[in-house]
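Each chain is listed here by its residues.
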Amino acid sequence: MPTAPVIRSDTPGSFARSVFHERHPKLVQQVLDALPYGPAQRAAVERLLVESTTGVLEPLGEDAPDSAQWLEWGEDLWGRPWGKAPFLWAESYFYRRLLDAVGYFRPGAWQGVDPFAPFKNAELAGPAVDDELAALNDLDGLPEARRAQALLLSALWGNRADLSFQLTAEADGQTASDLLADDSTTLWTQLERARGGRICVVADNAGRELLPDLVLIDHLLTRGLAAQVVLHVKPQPYYVSDATTTDVLASVERLRTAEVGGRLWRAMTDGALVVHTHPFFCAPLPFHDMPADLRTEFTGAAMTILKGDLNYRRLVGDRLHPPTTPFADVTDHFPTPVAALRTLKSDVIVGLDTKSVARLDHSEPAWRTNGHHAVIQVATPQ
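(A) Broad picture of the side chain of His-373. On the secondary structure map, His-373 appears in strand S7 (residues 373–379). Among the polar contacts made by the side chain of His-373, one reaches the side chain of Asp-178 at a distance of 3.5 Å. Apart from the residues lying within four places of it in its own chain, the contact partners of His-373 are Trp-157, Asp-178, Leu-180, Arg-342, Thr-343, Leu-344, Leu-360, Glu-364 and Trp-367.

Structure follows, in structure tokens:
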């Protein structure tokens, strides 16, 4: 495992601290405004916000379905201030506790109701989606290589649609683009070399991000680069807009107005596109610690494509690595060749050159977290 310092949220002025003290209060208010939760749920959400900013970590109640698992995960953390826990751990636990507060797991009227569904549904139904789908249709006339690269970049920059990030993004933060690392040639070469195998895609967000992901998956299947794509999603609502099976179905339905939607529908029915999930995808741990059964699911895949910032943090470790640390050095634990398509929205970053880091540090202090920059990074076994 890497030895770089673990990121925590107790550092004044840090991005991690701003998530708890700026982003989460806005999120809580939006959740309470979006659905008519009763007094009990609202009070529980407000208590969680206070606890997570000024209190100590309290375990789930004994009646929670995953209480024993979280007790184990937080064995050395209970009773400590939230800011003393690793940022990845504390942020994950915040979302788990939010589900608990609104009654997601408890018998009653709110059981199974996604607190983020109003945001996801509004985005998927928004007019911007029509424009983006029209733009994707326009790619059909491009030469094969250019079309493939355009679909890859669409999936990459679609990560800007992350609803959690939009809570604190600047209005002009969605316009700049700068690809800091581009291993796309290696990605396509690896896929051509393993043509016809199984490709795993670990999804990030629903809505406007998931749509270009699905279009890219359709390309992999229709061009024979994959005989099967396994799309891994979250088993429950998580990080505001993270994709669940319900979100995949909604996105495929949204695409059925175009030919690609029909192809994806048929791919699901004949097993060429399989949707999988696992409890570990909502765990507060890096992929280095994935359980044996999940590791087995990945093993043998021609490539695993990981989407988004959170998956990147879990892949390389949510640590303050020197940004010039080789990507391959911190991903060699993963059981397959791995590609990361990630828009930068948190402090962790590896695989950059010294000159680029110096330029960014000088000209754009918030370059690691403002969503203006992205990477396509690939590691393959030697």
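(B) Examining helix H15 (residues 354–363) more closely. If you check which residues of H15 are buried, you get Ser-356, Val-357 and Leu-360. Angularly, the buried residues of H15 cover 100° about the axis, an arc narrow enough to put them on a single face. Across from the buried face of H15, at angles greater than 90 degrees, the exposed residues are Thr-354, Lys-355 and His-362. Buried residues along H15 sit in contact with strand S1 (178–182) and S7. The opening residue of H15 is Asp-353, an N-cap whose side-chain oxygen sits 3.2 Å from the backbone nitrogen of Lys-355.

(C) Fine view of the pairing of strand S6 (residues 338–343). Burial of S6 is extensive: six of the six residues sit out of reach of the surface. On S6, burial covers both faces: Val-338, Ala-340 and Arg-342 on one face and Ala-339, Leu-341 and Thr-343 on the other are all buried. The handedness of the strand S5 (residues 303–307) to S6 crossover, carried by helix H14 (residues 308–316), is right-handed. Sheet topology note: the S6/S7 ladder contains six bridges and is antiparallel. Of the residues in S7, the one forming a bridge with Arg-342 is Val-375.

(D) Structural detail: the nonpolar core. In this structure, Tyr-312, Leu-315 and Phe-327 are the most contacted members of the largest nonpolar core, which totals 75 residues. Take this core: its biggest share by element is 10 residues, from helix H4 (residues 87–101). Setting aside residues no more than four positions away along its own chain, Leu-315 makes contact with Phe-287, Leu-306, Phe-327, Val-330, Thr-331, His-333, Phe-334, Val-338 and Ala-340. Listed in part, the 47 residues of the second largest apolar core include Ala-203, Leu-214, Ile-217 and Val-233.

(E) A look at the packing of aromatic side chains. Per the counting criterion, the structure on display carries 23 aromatic pairs. The interplanar angle of 65° and the centroid separation of 6.2 Å between the aromatic rings of Tyr-95 and Phe-116 together place this pair among those described as edge-to-face. Separated by 21 residues along the polypeptide, Tyr-95 in helix H4 and Phe-116 in the loop between H4 and helix H5 (117–125) bring together distant segments of the chain. Judged by relative accessible area, Phe-116 falls into the buried class, the value being 1%. Ring centres of Phe-281 and Phe-287 lie 6.5 Å apart, and the angle between their planes is 75°; on these two criteria the pair is classed as edge-to-face. The pair formed by Phe-281 and Phe-287 is uniform in burial state, with each residue classed as buried. Over the face of the ring belonging to Trp-265 we find Arg-256, whose NZ or CZ atom lies 3.8 Å from the ring centre.

The rules we used
Residues numbered from 1 in each chain as written. Predicted model: local features only at pLDDT ≥ 70, side-chain atom pairs only at ≥ 80, totals over all residues. Heavy atoms only, no water. Helix = DSSP H or I, 4+ residues; strand = E, 2+ residues; numbered from the N terminus. Polar contact = N/O pair within 3.5 Å; in protein donor to acceptor, adjacent residues only side chain to side chain. Contact = heavy atoms within 4.5 Å. Buried < 20%, exposed > 50% of the residue type's maximum accessible area, 1.4 Å probe, protein only. Arc of directions from axis to C-beta. Right-handed = clockwise from strand over helix to strand, strands pointing away. Pairing = 2+ DSSP bridges. Core = buried A, V, L, I, M, F, W, Y, C linked by side-chain atoms within 4.5 Å. Phe/Tyr/Trp six-rings, centres within 6.5 Å; stacked < 30°, edge-to-face > 60°. Lys NZ or Arg CZ within 6 Å of the ring centre and 35° of its normal.

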